[in-house]
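Listed here are the chains, written in short residue letters.
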Amino acid sequence: MKFQKKQAQTKQQIPTASMPDMIFILLIFFMVTTVMKEQTIKVKFTLPSAKQIEKIDNKRLISYIWVGRDGRIQIDDNIVYVGDIQSIMYRKRKELPNVIVSLRIDRGSKMGIVTDIQQQLRKADALRINYSALQKI
Amino acid sequence: MIRKPKRGGAEIPSASMADIAFLMLIFFLVTTTFDVDTGIGLVLPPHIEEAELVKIKKENLANVLVNKEGQVLLDGDLVVISQIKEILKSKIRENDKLIISVKTDRETSYEIYIAVMDELKENYYELREEFSRQKFGIGLTQLTKVQLREVREAIPQRISLAEPEKTF
């Protein structure tokens, strides 16, 4: 007995008409989900450089403190006093318990201001810090 | 009267649309860069009242003092910043409970402080690398997460920031 292979009646083609729509949806998805958080930095600073630097894996956890070369301190979009850091950081830590504070401090700063900020952070219980530094070549 | 030639239906060929969209997608994927934050990570000691300050045995403590001129005093000896790593490495090999305590002057430059912290970090990195090569035969970068955790537990980073002196 001879078997005859049955041929499917349908076309063996994937319809490509909706392909551009799918690609556009992909494009739009990536455009929407990409978070670009830009903050205007009001202080001037140059970061120090170091050899043993590590990347911060989770960008969403980071909260920045800038210290300019004139000694001004900026958090978010405001210039703040040293004494205010505790309450600001405490509030941030309540929202985000495992916040990492990235200290972007000018290389020419004095340790006095750094110590003051650190004491404030300790009081606010924001203990994970990161001294922002560039890769030393 | 001249009859206008009959025009065909005006259509834009849309077959290559997908390709164009793909190109756009790939272009944006490639050109988007996320500036990664890099730096020296540290966990601050929690804030405690003066009364409950923990006393650490003197032999388990390595004092690093940095003065305002940028000179470094390591356990009473004046050293160059680039020497710190080697000295601490031999100290930690002798005593694995060693805690490094860093203290700076208010006038010390931040850049020097970072250089010192970098040395401390490098010291731990090299010790871990050594441990990893001995135990697993491969470098730190090739370890699995479980192995890395083991290395971290075997050689924990014990960097402590000394309480600043009360100046005000």
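Up top you'll find the structure we're talking about.
These remarks concern the structure in this document. (Residues numbered from 1 in each chain as written. Chains lettered and ligands numbered in written order. Predicted model: local features only at pLDDT ≥ 70, side-chain atom pairs only at ≥ 80, totals over all residues.)

**Description of the overall build of chain A**
Worth spelling out the cut-off: In this description a helix means any DSSP run of H or I spanning at least four residues, a strand means any run of E spanning at least two, and both kinds are numbered starting from the N terminus. All radius of gyration figures rest on C-alpha atoms, and the globule criterion is 2.2 Å times the number of residues raised to 0.38. The burial criterion counts other C-beta atoms lying within 10 Å of a residue's C-beta, which is placed from the backbone; the residue is buried at 20 or more, exposed at 12 or fewer, and partly exposed between these limits. Think of it this way: build a C-beta for each residue from its backbone, and any pair within 7 Å is a contact.
A tally of regular secondary structure across chain A gives 3 helices and 8 strands. When the helices and strands of chain A are read in sequence order from the N terminus, they spell out α-β-β-β-β-β-α-β-α-β-β. A globule of 137 residues ought to have a C-alpha radius of gyration of about 14 Å, yet chain A, at 26 Å, is considerably larger. Buried positions account for 27% of the 137 residues belonging to chain A. Long-range pairs, those at least 24 residues apart, make up 80% of the contacts in chain A with a sequence separation of at least 6.

**Comments concerning the overall build of chain B**
A tally of helices and strands in chain B yields 4 helices and 6 strands. The linear arrangement of helices and strands in chain B, starting from the amino end, is α-β-β-β-β-α-β-α-α-β. Residues counted as buried form 18% of the 168 residues belonging to chain B. Here the contacts in chain B between residues at least 6 apart in sequence split such that 68% fall between residues at least 24 apart.

**Examining the environment of Ala126 of chain A**
All names here are of chain A. Relative to the assigned elements, Ala126 resides in the loop between helix 3 (111–123) and strand 7 (128–132). Along the primary structure Ala126 and Ile41 are separated by 85 residues, whereas in three dimensions their C-alpha atoms are 22 Å apart. Aside from chain neighbours lying at most four places away, what touches Ala126 is Met89, Arg93, Val99, Val101 and Leu121.

**A closer look at unusual backbone geometry**
All names here are of chain A. Notably, Asp76 is not glycine yet its phi reads approximately 55°, a positive angle. Tracing the backbone through its elements, the reader meets Asp76 in the loop between strand 4 (73–75) and strand 5 (78–80). A count of 12 C-beta atoms within 10 Å places Asp76 in the exposed class. Notably, Asp125 is not glycine yet its phi reads approximately 65°, a positive angle. Mapped onto the fold, Asp125 is located in the loop between helix 3 and strand 7. A tally of 16 C-beta atoms within 10 Å means that Asp125 is categorised as partly exposed.

**Focus: the sheet that holds strand 4 (residues 77–79) of chain B**
All names here are of chain B. Formally: Any two strands are treated as partners once DSSP identifies two or more bridges connecting them. Axis geometry follows a simple rule: fit a line to the C-alpha atoms, using only the stretch in contact for helices, then measure angles between N-to-C directions, giving values from 0 to 180 degrees.
Sheet architecture is open: 5 strands sit in the order 4-3-2-5-6, paired in mixed fashion. If you trace the sheet from one side to the other, it starts and ends with strand 4 and strand 6 (159–161), each paired once. For this sheet, the mean inter-axis angle between neighbouring strands, taken without regard to orientation, is 30°. When strand 3 (residues 72–74) meets strand 4, the two strands line up antiparallel, connected through 3 bridges. Bridging across to strand 4, Leu73 finds its partner in Leu78.

**What to know about the sheet that holds strand 6 (residues 100–105) of chain A**
Ordered by their spatial adjacency, 7 strands build an open sheet running 2(A)-1(B)-7(A)-6(A)-3(A)-4(A)-5(A), and the pairing between neighbours is mixed. The outermost strands of the open sheet, each flanked by one partner alone, are strand 2 (54–55) and strand 5 of chain A. Here 5 bridges tie strand 7 of chain A to strand 1 (residues 38–43) of chain B, and the two strands are oriented antiparallel to one another. Residue pairing across strands places Tyr131 of chain A opposite Ile40 of chain B, the latter belonging to strand 1 of chain B. Along the sheet, helix 3 of chain A contacts strand 3 (62–67), strand 6 and strand 7 of chain A; its crossing angle with strand 6 of chain A, the most-contacted strand, is approximately 165°. Sheet contacts for helix 3 (residues 110–135) of chain B: strand 6 and strand 7 of chain A together with strand 1 of chain B; angle to strand 1 of chain B, the most-contacted strand, approximately 75°.

**Thoughts on the interface of chain B and chain A**
A common way to express how large an interface is: the accessible area buried when the components associate. Where we set the bar: Residues are grouped as follows: Ala, Val, Leu, Ile, Met, Phe, Trp, Tyr, Cys and Pro are nonpolar; Asp, Glu, Lys and Arg are charged; all remaining types, including Gly, are polar.
Contact with chain B, which involves 35 residues of that partner, is made by 40 residues of chain A. At the level of secondary structure, the elements contributing two or more residues to the side of chain B that touches chain A comprise helix 1 (17–31), strand 1 and helix 3 of chain B. Among the elements that take part in the side of chain B that touches chain A, helix 3 of chain B stands out by supplying 9 residues, more than any other. Considered class by class, the residues forming the side of chain B that touches chain A number 20 nonpolar, 7 polar and 8 charged.

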